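Observations on the model geometry
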Protein chains: 2
Amino acid sequence: MTRFASGLTLATTASLIGDVARANILCTLTGGQALTAGELAHHAGVSAQTTSGHLAKLVDAGLITVVKQGRHRYFKLSGPRVADMLETLMGAADLGPARHRPVGPRDEALRRARSCYDHMAGRYAVELAARLEDRGLVVLSDEGGYVTEQGSSFFALIGLDLDQPAARRRPLCRCCLDWSERRFHIGGRLGAALFAHAERENWVARLPGSRALRVTRKGEQAVSGGSWRCEAVEPPAALPRALAISV
Amino acid sequence: MTRFASGLTLATTASLIGDVARANILCTLTGGQALTAGELAHHAGVSAQTTSGHLAKLVDAGLITVVKQGRHRYFKLSGPRVADMLETLMGAADLGPARHRPVGPRDEALRRARSCYDHMAGRYAVELAARLEDRGLVVLSDEGGYVTEQGSSFFALIGLDLDQPAARRRPLCRCCLDWSERRFHIGGRLGAALFAHAERENWVARLPGSRALRVTRKGEQAVSGGSWRCEAVEPPAALPRALAISV
DNA sequence: GCATCGCTTCGGCGCGGGCCGAAGCATCGG
DNA sequence: CCGATGCTTCGGCCCGCGCCGAAGCGATGC
């Protein structure tokens, strides 16, 4: 008797994600890139017309947005909140008893390193986060994360831009529980800036048509190789040019 | 072609929630109480046998757990993480364009005050949170929340137990974005303790068979009535017994 | 023992919705 | 102009699954 409207909205949202094709589309878009309907159809493993219908529903629900460009239509997640929601949902997937989870080679690549909308996730990201915490640059916990004083100055030093006014309302440092590693990685503005830095410095490279990231040798060394040494990029005038900052 | 196992697990979890009857069951259980199969059937608006099937699936997926007692079986959410996940999902529901959302009187009660697993949500909880923040007892933000020094001593003073070892790993103060109010309320250990305090002090009372809470006049006054005065419960020896602490 | 209650299992019905083929519009290139 | 490409709309097929009636099973009470 007590059917809440809340229950209904919950169901409609969830059933939107509860279709395999649509879930694949969303998973793919969680990589953070904008993709065309055709590419998404390919990833979802269904025909173009079917995909078109799915995309229409997702757009209508506000989960994804579309920009028209020439004769292509590019789709992307409508914001970080959607990505977070999806990862939360994925995290809830393994609350159940450890059941046979089919794991393809493709998934192994994802577990290693992947983009998660605008930051990184997977083993690599988790290790990076742990490293930063070890060195006292950030503090991560269930309660959320924050950047220490040393962290602030260090991130400024290596040229991370953490103060874009546009993104002001967004958390600086969010702790995401990594669904594959079940440990923390760093999201929020800091996470986005770290990802940008990692791409700029060639630590990781996006693999075409996938969320998976290739970790370069340089990227390896930067994080797990003894000490993360970061050759000062545009060092402040006061510092000697060649200074290698060990984190 | 690139079908990730991740997409599949995402879909299975989501489709589990994506059924109206199951969503109603979950919504009801989000109240935090353990309910029998029969009660849940009533709330979901379907027959007992149908409900039984749904409950089996939810238990199997680990979203809810069951304890047998006499000839009843009591079901409850398997933990706060599930409740958080559901609220996150609800929050994503209104990313879309403002569409006609049927709002019954029942929902109005929920918007006013409801239990959210083990803490409070709705207008009342949001106001309470804002109050605590105004008085400098907690700091709430997108980044997560924390309890200030003054907050620590105050909460200790009024007898909130925030250090149960069992719940150690759980965040002390989580900021939940309230789906109905779109502002923060307080979750985590502090949220749970506040709810317990509010019940003990008769600020709110659970309405039978619903997540909705009735706010008593005392509860009103405590939060919105000028200043929140909290008659010292078991005051530390150093303080005069009759001291009314204005928050 | 039998009756009742609470819940589960089984079987079959029916509808919703995902799927594709074919056709219909746009955009771009020649 | 015409064809090719990218995407959408329309129609109809069909599978999956949510639903209930009926029966089964355990626990309680008399």
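Cut-offs applied
Residues numbered from 1 in each chain as written. Chains lettered and ligands numbered in written order. Predicted model: local features only at pLDDT ≥ 70, side-chain atom pairs only at ≥ 80, totals over all residues. Heavy atoms only, no water. Axes fitted to C-alpha atoms, helices over the stretch in contact; angles between N-to-C directions. Helix = DSSP H or I, 4+ residues; strand = E, 2+ residues; numbered from the N terminus. Left-handed = near helix turned anticlockwise from the far one by under 90°. Contact = heavy atoms within 4.5 Å. Nonpolar A, V, L, I, M, F, W, Y, C, P; charged D, E, K, R; others polar. Near = heavy atom within 4 Å. Polar contact = N/O pair within 3.5 Å; in protein donor to acceptor, adjacent residues only side chain to side chain. Core = buried A, V, L, I, M, F, W, Y, C linked by side-chain atoms within 4.5 Å. Buried < 20%, exposed > 50% of the residue type's maximum accessible area, 1.4 Å probe, protein only. pLDDT = per-residue confidence, 0-100.

**Examining the packing of helix H5 (residues 80–93) of chain A against helix H5 (residues 80–93) of chain B**
Contact pair H5(A) / H5(B): the axes reach a minimum separation of 10 Å and the direction vectors enclose 145°. Considering only the axes of H5(A) and H5(B), their crossing is left-handed. For the pair H5(A) and H5(B), contact is made by A:Arg81, A:Met85, A:Thr88, A:Leu89, A:Gly91 and A:Ala92 and by B:Arg81, B:Met85, B:Thr88, B:Leu89, B:Gly91 and B:Ala92, respectively. Looking at the contact of H5(A) with H5(B), its residues break down into six nonpolar, four polar and two charged.

**Let's talk about the side chain of A:Arg211**
With respect to the helices and strands, the residue A:Arg211 is situated in the loop between strand E10 (204–206) and strand E11 (213–215). Contacts of A:Arg211, omitting those with residues within four sequence positions, involve A:Cys27, A:Thr28, A:Thr30, A:Gly31, A:Glu87, A:Leu110, A:Ala113, A:Arg114, A:Ser115 and A:Cys116.

**Details of the protein's contact with DNA strand C**
If you check the shell around DNA strand C, you find 20 residues, and the closest are A:Gln49, A:His54, A:Lys57, B:Ser52 and B:Arg73. Within 4 Å of the protein, the contacting atoms of DNA strand C are drawn from sugar and phosphate to the extent of 71%. A distance of 2.7 Å is found between a phosphate oxygen of DNA strand C and a side-chain nitrogen or oxygen belonging to A:Lys57. The contact in question runs from a base oxygen of DNA strand C to an N or O atom on the side chain of B:Arg71, over 3.3 Å. Taken together, the elements giving at least two residues each to the surface near DNA strand C come down to helix H2 (20–29) and helix H4 (48–61) of chain A together with helix H3 (37–44), helix H4 (48–61) and strand E3 (72–77) of chain B. Take the surface near DNA strand C: its biggest share by element is four residues, from H4(A).

**Remarks on the environment of B:Phe75**
For B:Phe75, the position within the fold is in strand E3. C-alpha separation for the pair B:Phe75 and B:Leu29, spaced 46 residues apart in sequence, amounts to 8.0 Å.

**A look at the protein's contact with DNA strand D**
By nearness alone, 20 residues border DNA strand D, and A:Ser52, A:Arg73, B:Gln49, B:His54 and B:Lys57 come closest of all. In the interface set of DNA strand D, defined as its atoms within 4 Å of the protein, sugar plus phosphate atoms amount to 67%. Within the contact set of DNA strand D, a phosphate oxygen lies 3.3 Å away from a backbone nitrogen or oxygen of A:Ala37. Here A:Arg71 contributes a side-chain N or O atom positioned 3.3 Å from a base oxygen of DNA strand D.

**Observations concerning the environment of B:Gly188**
Within the secondary structure, B:Gly188 sits in helix H9 (residues 188–200). Residues B:Gly188 and B:Cys173, spaced 15 residues apart in sequence, show a C-alpha to C-alpha distance of 4.8 Å.

**Observations regarding the nonpolar core**
In this structure, A:Ile17 and B:Ile17 are the most contacted members of the largest nonpolar core, which totals 60 residues. Excluding residues that lie within four positions of it along the chain, A:Ile17 makes contacts with A:Ala23, A:Leu26, A:Leu63, A:Met85, A:Leu86, A:Leu89, B:Leu10, B:Ala11, B:Ala14 and B:Leu89.

**Here's the deal with the environment of B:Leu160**
Residue and element names in this part refer to chain B. Along the chain, the position of Leu160 falls in the loop between helix H8 (149–157) and strand E8 (175–177). On a C-alpha basis, the gap between Leu160 and Leu190 in space is 8.2 Å, while along the polypeptide they are 30 residues apart. Leaving out residues up to four positions away in the same chain, Leu160 has contacts with Phe155, Leu190, Ala193, Leu194 and His197.

**Quick notes on the confidence of the model for chain A**
Residue and element names in this part refer to chain A. Put simply, chain A has an average pLDDT of 81, and 79% of its residues get 70 or more. The secondary-structure element of chain A with the lowest mean pLDDT is strand E13 (residues 244–246), recorded at 35, while H4 shows the highest, at 96. In this model, residues 230–247 is a region of pLDDT below 50 whose contacts with residues beyond four sequence positions or in other chains number 29 contacts.

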